[in-house]
Amino acid sequence: MDYINQATAYLNLQWSSVLHLFGNEKKNVFVIGTSLVLFLSFCAVNSFFMFLDFTGKPKFLHKYKIQKDKNIPVEPARFLHCCKVAFRNELLSCGMVLFLYPVMQCTGMTCQAPLPPIWEGFLHFVAFVLVDEFIFYYSHRLFHHPFIYKHIHKMHHEWIAPISIAASYAHPIEHIVSNALPLLVGPILMGSHIAVVWIWLVIAQFETCLHHCNYHFPVMSSPQFHDYHHVK
Ligand SMILES: [Zn+2]
Ligand SMILES: [Zn+2]
């Protein structure tokens, strides 16, 4: 029990330092902090796969590739275009955070110390996953409607054999509705603590990139389901 109390006190101390870093300003923590978390986690998750996709090295990892003969390495011009679109979309996500900040305030989202208890964070996580799945599933179905598909979602499906950074290769409308909003609506509805939201965003970014990476490494969840969606 003592050990748990010590760990909690340590985490709260670290969180106070984070708040201090942002001048103890709620708007800075929410907008700048969340944008940094989104952007840095996107870069961190993708940097390994970007190197692998661009250089085709190290070769011993090729045996884990799902569509064996595709994009090893990716054609440079296509790769750079994909990166450009993906980073533009990540900036859009940051813009969404700024745009939604007043709504976040209304629903009681907070950044104050102390951090919420673990059980509360866990319950919020469950809600985030459910809301994310619901909005992503129905918006994705909508984007596959023949009248909408060719104008918006077709762009994401240009990648029949996707790469991790192609997770964010999408029309800006699709990126806002199907990628950014599903991640943010859960925390807004639950009035969550921003520290819980940051952990959620890092995990969600990791999962999305993994679903598109086209590699099935041992002990990692299989991206074959979404890969099949891109093939078909
Ligand atoms: Zn689709
Ligand atoms: Zn996809």
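Scoring rules and cut-offs
Residues numbered from 1 in each chain as written. Chains lettered and ligands numbered in written order. Predicted model: local features only at pLDDT ≥ 70, side-chain atom pairs only at ≥ 80, totals over all residues. Heavy atoms only, no water. 1 Å grid on protein atoms, 1.4 Å probe; cavity = no way out; pocket = protein on both sides within 12 Å on 5 of 7 lines; lining within 4 Å. Points joined across faces, edges and corners; volume = space filled by probe spheres on them. Helix = DSSP H or I, 4+ residues; strand = E, 2+ residues; numbered from the N terminus. Nonpolar A, V, L, I, M, F, W, Y, C, P; charged D, E, K, R; others polar. Donors = N, O, S within 2.8 Å, 3.2 Å for Na, K, Ca; no water. Tetrahedral: all angles 85-135°; square planar, octahedral: opposite > 155°, others 65-115°. pLDDT = per-residue confidence, 0-100. UniProt positions renumbered as here; feature names shortened; annotations may be inferred. Buried < 20%, exposed > 50% of the residue type's maximum accessible area, 1.4 Å probe, protein only. Phe/Tyr/Trp six-rings, centres within 6.5 Å; stacked < 30°, edge-to-face > 60°. Lys NZ or Arg CZ within 6 Å of the ring centre and 35° of its normal.

Quantified by volume, the largest pocket comes out at close to 1,000 Å³. Considering the residues around the largest pocket, the lining is formed by 41 residues, among which Asp132, Glu133, Phe136, Thr208 and His211 are closest to the centre. The biggest single contributor to the lining of the largest pocket is helix H7 (residues 194-212), with 10 residues. Looking at the lining of the largest pocket residue by residue, the classes come out as 19 nonpolar, 16 polar and six charged. Here the second largest pocket is characterised by a volume of approximately 460 Å³. Lining the second largest pocket are 17 residues, and of these Leu11, Leu115, Pro116, Pro117 and Ile118 sit closest to its centre. If you list the elements that add at least two residues to the lining of the second largest pocket, you get helix H1 (2-21), helix H4 (118-143) and H7.

Looking at the zinc ion (ligand 1), one finds its protein donor set to be His140 (NE2), His144 (NE2), His153 (NE2), His157 (NE2) and His229 (NE2), positioned 2.1 Å from the metal centre. Between the donor residues of the zinc ion (ligand 1), the gaps in sequence give the motif H-x3-H-x8-H-x3-H-x71-H. Separating the zinc ion (ligand 1) and the zinc ion (ligand 2) is a distance of 6.0 Å. Of this pair, His144 sits in the loop between H4 and helix H5 (146-149) while His229 is found in helix H8 (residues 224-231), placing the two residues 85 residues apart along the sequence.

The protein atoms donating to the zinc ion (ligand 2) are His156 (NE2), His212 (NE2), His226 (NE2) and His230 (NE2), with metal-donor distances spanning 2.0 to 2.2 Å. Each of the four donor atoms bound to the zinc ion (ligand 2) contributes to angles spanning 90 to 165°, and the resulting shape is irregular. Look at where the donors of the zinc ion (ligand 2) fall in the sequence and you get H-x55-H-x13-H-x3-H.

Here the focus is the confidence of the model for the chain. Here the chain shows a mean pLDDT of 93. Residues at 70 or above account for 100%. Here H8 is the element of the chain with the lowest mean pLDDT, 82, and helix H6 (residues 172-190) is the one with the highest, 97.

Moving on: the UniProt feature "transmembrane region" (unreviewed entry) in the chain. When the UniProt feature table is mapped onto this chain, "transmembrane region" (unreviewed entry) is found at residues 29-52, 121-138 and 183-203. Across residues 29-52, helical content stands at 100% and strand content at 0%; the span's end C-alpha atoms are separated by 34 Å.

Moving on: the environment of Asp69. With respect to the helices, strands and loops of the structure, Asp69 is situated in the loop between helix H2 (26-55) and helix H3 (76-106). Judged by relative accessible area, which is 66%, Asp69 ranks as exposed. As a C-alpha pair, Asp69 and Ala161 span 92 residues in sequence and 9.5 Å in three-dimensional space.

By the definition in use, this model includes 18 aromatic pairs. Each ring, one from Phe49 and one from Phe217, has its centre 6.1 Å from the other, and the planes form 20°; the classification is stacked. Taken as a pair, Phe49 in helix H2 and Phe217 in the loop between H7 and H8 lie far apart in primary sequence, 168 residues in all. Within the aromatic cluster, the residues linked to one another by ring pairs are Phe48, Phe49, Tyr64, Tyr215 and Phe217. Here the basic side chain of Arg78 rests over the ring of Trp159, its NZ or CZ set 3.7 Å away from the ring centre.

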